[in-house]
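# Structural features, examined
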Amino acid sequence: MKQKIVIAGAGIGGLCAALSFAQRGFSVQVFEQSSQLGEVGAGLQMSPNAMKVLEALGLSEQVNKVAFVPQNAVLRHYQKGSYFLKAELGKVAEQRYQSPYLHLHRADLHALLLDAATDIGVDIRLNSRLISFTQDDHQVRITLEDGTTDSASLLIGADGIRSNVLAQLQTVDDFNHDVNAPVFTGQVAWRGVVPTDKLPPHLIKPDATVWVGPGRHLVTYYLRGGKLINFVAVEERKEWASESWNTQGDAEHLKRAFSGWHPEVTQLLESVEETFLWGLFGREPLAKWHLKRVVLLGDACHPMLPFMAQGAAMALEDAYVLAKELSSTNMQDQQRVQHALKRYTLVRLPRASKVQAMSRDNADLYHMKGGALGRIRLNMINMASKALPSLVSSKLDPLYGYDVTK
Ligand code: FAD
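A quick note: this is a predicted structure, and the numbers were derived from the prediction, not measured.

## Structural notes on the site of the ligand
By nearness alone, 32 residues border the ligand, and Gly13, Glu32, Gln45, Arg106 and Asp299 come closest of all. Interatomic distance of 3.4 Å between a backbone N/O atom of Ile12 and an oxygen atom of the ligand. Between the ligand and the protein, one listed contact pairs a nitrogen atom with a backbone N or O atom of Ala309 at 3.1 Å. Contact with the protein chains covers 91% of the free accessible surface of the ligand, which is 1000 Å². Breaking the shell around the ligand down by element, the ones donating at least two residues are α1 (12–23), β3 (43–46), β12 (183–195) and α9 (311–327). Partitioned by chemical class, the residues of the shell around the ligand number 13 nonpolar, 13 polar and 6 charged.

Here is the structure:
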């Protein structure tokens, strides 16, 4: 008989886990609180380590059809437009890592995962908010908001940064008690897309560009074969009031915040009609990600600032490793399940914690913090990028060259 897995959350991490487990012969049910599935209009950078997972799940052909391949990863001065860093991506990255570096619309990736999961028989329930669970050594019993109950061999909490599954685990003695709710990082991000044909041809370079400025930065890249331009504009703020994940942003405020920047930036922002605003939250790394028959993945256990573009990539890696570790485990055998979950945590927790820290570190770099030392750091990156480009690329090898599917 197929072993049953239930997943809270149909984000990128939850859907990837659903597909990974279903492909390994599990019966999978996903409970999603929203009434509609679909990701907000914005882009995602998919680095080679994330692409390895999508390739192993058989999605590479579909992904390539809707992606954009950037030529370089660049850091540029917010006013002069000069380059602090220019590292080749495109064919060079693909040869180096045996997988491409791509840009994808979130809605496209979400739809690909959803279709593949549905095709293989994953049962996805909308309007289904998980509110509680109880568990013993052999099974977990969940309760949804409408009172429905269900049971399974494993519950995966893929329910994002405000994870209800984590909050409930924390009511149990000794489960990460010292780690509190997510805290506002003092940064907000406007996100959105602009149709490329609204701008002068070739205004925006076909790169993954970070415009670096005092207290702010802006990321731009193409999506959907070049039809859309994605932007993420980050500004430091003292407070964040909204709890919502999808707050409509004020395009005029965005334009004012970046006025006086390089004309490529201001012309792009001039054409923005609609934007959403996110408060960026973080949390200290947890010490534990599982308890008996309940386990966490993605933002539920390691939310991170988007400044390495790795949050979704880490959720994909988690999902794949979790399914791999449990696929050859007898789910009736409590000890073996615990060993598999321990192996999952041992592989994933140090890596995700490191990427969380790298992402935090980039906040200072991108916002020209640290006075003279900050300037020295940017100048050193500039010199190394010109004199020793392979050294700069090799710094990212442990991140991009990592292959969880092996
Ligand atoms: P989520 O996407 O948050 O999904 C959680 C799901 O669970 C949601 O659908 C939610 O409705 C549901 N849910 C919540 N509670 C319940 C419940 N109780 N019951 C049922 N369902 C529930 N990452 C990259 O890899 N590359 C990038 O370029 C990149 N850029 C980013 C730019 C910005 C500005 C931001 C903010 C993030 C970026 N990220 C990027 C990070 C990435 O978006 C997240 O890390 C990733 O989406 C997390 O996926 P997840 O599935 O863990 O959580």
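## What about the pattern of salt bridges?
The tally for this structure, following the rule as stated, stands at 18 salt bridges. A salt bridge links Lys205 to Glu264, with the nearest nitrogen and oxygen atoms 3.1 Å apart. Of this pair, Lys205 sits in the loop between β12 and β13 (208–213) while Glu264 sits in helix α8 (residues 263–270); the two residues are 59 residues apart in sequence, bridging distant segments of the chain. One salt bridge connects Glu236 with Lys369, and the closest N-O pair in it is separated by 2.7 Å.

## Focus: empty space enclosed by the protein
Taken as a whole and judged by the stated rule, the model has 1 cavity of 30 Å³ or more. Within this model, the largest cavity holds a volume of roughly 50 Å³. Considering the residues around the largest cavity, the lining is formed by Arg76, Ile204, Lys205, Thr209, Trp211, Thr220 and Glu264. In the lining of the largest cavity, the residues fall into 2 nonpolar, 2 polar and 3 charged.

## Description of the layout of surface pockets
For the second largest pocket, the calculated volume is near 160 Å³. When residues in the lining of the second largest pocket are grouped by element, the largest group, 5 residues, is from β12. Taken together, the residues that form the lining of the second largest pocket break down as 5 nonpolar, 4 polar and 4 charged.

## Comments concerning the sheet that holds strand β2 (residues 27–31)
Overall, mixed pairing links the 6 strands, which are arranged β7-β2-β1-β11-β19-β18 in an open sheet. Unpaired on one side and paired on the other, β7 (123–125) and β18 (290–291) mark the two borders of the sheet. Strand direction decides the pairing type here: strand β1 (residues 4–8) and strand β11 (residues 154–157), joined by 4 bridges, are parallel. Paired with Ile5 across the strands is Leu154, a residue of β11.

## Overview of the environment of His202
One can find His202 in the loop between β12 and β13. A relative accessible area of 73% places His202 in the exposed class. Considering only alpha carbons, one finds His202 and Ser128, 74 residues apart in sequence, at a separation of 45 Å.

## Looking at the packing of helix α2 (residues 48–56) against α9
Two elements in contact, α2 and α9, have axes separated by 8 Å at closest approach and are oriented at 45°. When the axes of α2 and α9 are compared, the pair comes out oblique. Our pair here, α2 against α9, has a crossing hand that is left-handed. Every residue of α9 that contacts α2 at Asn49, Ala50, Val53, Leu54 and Ala56 is listed here: Ala313, Met314, Leu316, Glu317 and Tyr320.

## Considering the nonpolar core
Residues Phe21, Met46, Leu155, Ile156 and Leu326 are the most contacted members of the largest nonpolar core, which totals 77 residues. With 9 residues, α9 is the largest single contributor of residues to this core. Here Phe21 is in contact with Ile5, Phe26, Val28, Leu154, Ile156, Leu322, Ala323 and Leu326, once residues within four sequence places are set aside. Counting 27 residues, the second largest nonpolar core, distinct from the first, contains Ile229, Trp240, Ala251 and Leu277.

## A look at the pairing of strand β5 (residues 83–88)
For a regular strand, side-chain orientation follows a simple rule: the groups alternate between the two sheet faces. Taken together, the 5 bridges between strand β4 (residues 72–77) and β5 define a ladder with antiparallel strand orientation. Residue Arg76 lies in a different strand from β5, and its bridge partner there is Tyr83. Between the end of β4 and the start of β5, which pair antiparallel, lie 5 residues, with Gly81 showing a positive phi angle near 80°.

## With respect to a nonpolar patch on the surface
There is a patch of nonpolar side chains on the surface, built from Leu373, Ile376, Met380 and Met383 and spanning about 460 Å² of accessible area. Structurally, the position occupied by Ile376 is in helix α11 (residues 371–387).

## Quick look at the sheet that holds β12
One open sheet accounts for 8 strands, arranged β5-β4-β13-β14-β15-β12-β17-β16; its pairing is mixed. The sheet is open, and its two edges are formed by β5 and β16 (247–248), each paired on a single side. Looking at chain direction, β12 and strand β17 (residues 276–282) are connected through 7 bridges and run antiparallel. Across the sheet, Val188 pairs through a bridge with Gly279, a residue of β17. Across the sheet, α11 touches β5 and β13, and the angle it forms with β5 is around 40°.

## Things to note about unusual backbone geometry
One non-glycine residue, Asn127, lies in the positive phi region at around 50°. Positionally, Asn127 belongs in the loop between β7 and β8 (130–135). In the Ramachandran plot, Ala309 falls in the positive-phi region, its phi being about 55° despite a non-glycine side chain. Here Ala309 is to be found in the loop between β19 (294–296) and α9.

Calculation notes
Counting of residues starts from 1 at the beginning of each chain's written sequence and follows it residue by residue. This being a predicted model, a pLDDT of at least 70 is required before a residue's local features are given, and a value of 80 or more before pairs of side-chain atoms are given or counted; all residues contribute to the totals for chains, interfaces and linings. Where side-chain values are given, they derive from all heavy atoms of the structure, hydrogens and water being excluded. The rule for a residue being near a molecule or strand is that one of its heavy atoms must lie within 4 Å of it. Here a polar contact means two N or O atoms within 3.5 Å. Within protein one must be a hydrogen donor candidate and the other an acceptor candidate, and residues neighboring in sequence count only if both atoms are side-chain atoms. Method for areas: the Shrake-Rupley scheme with a 1.4 Å probe, in which residue coverage is limited to the protein chains shown. Runs of E in the DSSP output that reach at least two residues are strands. Runs of H or I that reach at least four are helices, and both are numbered from the N terminus. Each residue gets one of three labels, nonpolar for Ala, Val, Leu, Ile, Met, Phe, Trp, Tyr, Cys and Pro, charged for Asp, Glu, Lys and Arg, and polar for the others, Gly among them. Every case where a carboxyl oxygen of Asp or Glu lies within 4 Å of a side-chain nitrogen of Lys or Arg is listed as a salt bridge. Definitions used throughout: a 1 Å grid over protein atoms alone; a cavity as a set of points that fits a 1.4 Å probe which cannot get out; a pocket as an open set with protein on both sides within 12 Å along at least five of seven lines; a lining residue as one with an atom within 4 Å of a point. Grid points are joined across faces, edges and corners, and a volume is the space filled by probe spheres set on the points. Note on pairing: DSSP must find at least two bridges between two strands before they are called paired. Each residue is placed in one exposure class: buried if its accessible area under a 1.4 Å probe, protein chains only, is under 20% of its type's maximum, exposed if it is over 50%, and partly exposed if it falls in between. Axis definition: a line fitted to C-alpha atoms, over the contacting stretch in the case of helices. Angles run 0 to 180 degrees between N-to-C directions. Reported orientations rely on four angle classes, namely roughly parallel under 35 degrees, roughly antiparallel over 145, roughly perpendicular from 65 to 115, and oblique for the rest. Crossing handedness is read from the near helix: turned anticlockwise from the far helix by less than a right angle, it gives a left-handed crossing, and turned clockwise, a right-handed one. What makes two residues a contact is simply this: any of their non-hydrogen atoms within 4.5 Å. Working definition of a nonpolar core: buried Ala, Val, Leu, Ile, Met, Phe, Trp, Tyr and Cys residues. They are joined through side-chain atoms within 4.5 Å. What makes a patch is a set of residues exposed beyond 30% relative accessible area and free of salt bridges, joined within 9 Å when like-charged and within 5 Å when nonpolar (Val, Leu, Ile, Met, Phe, Trp, Tyr).

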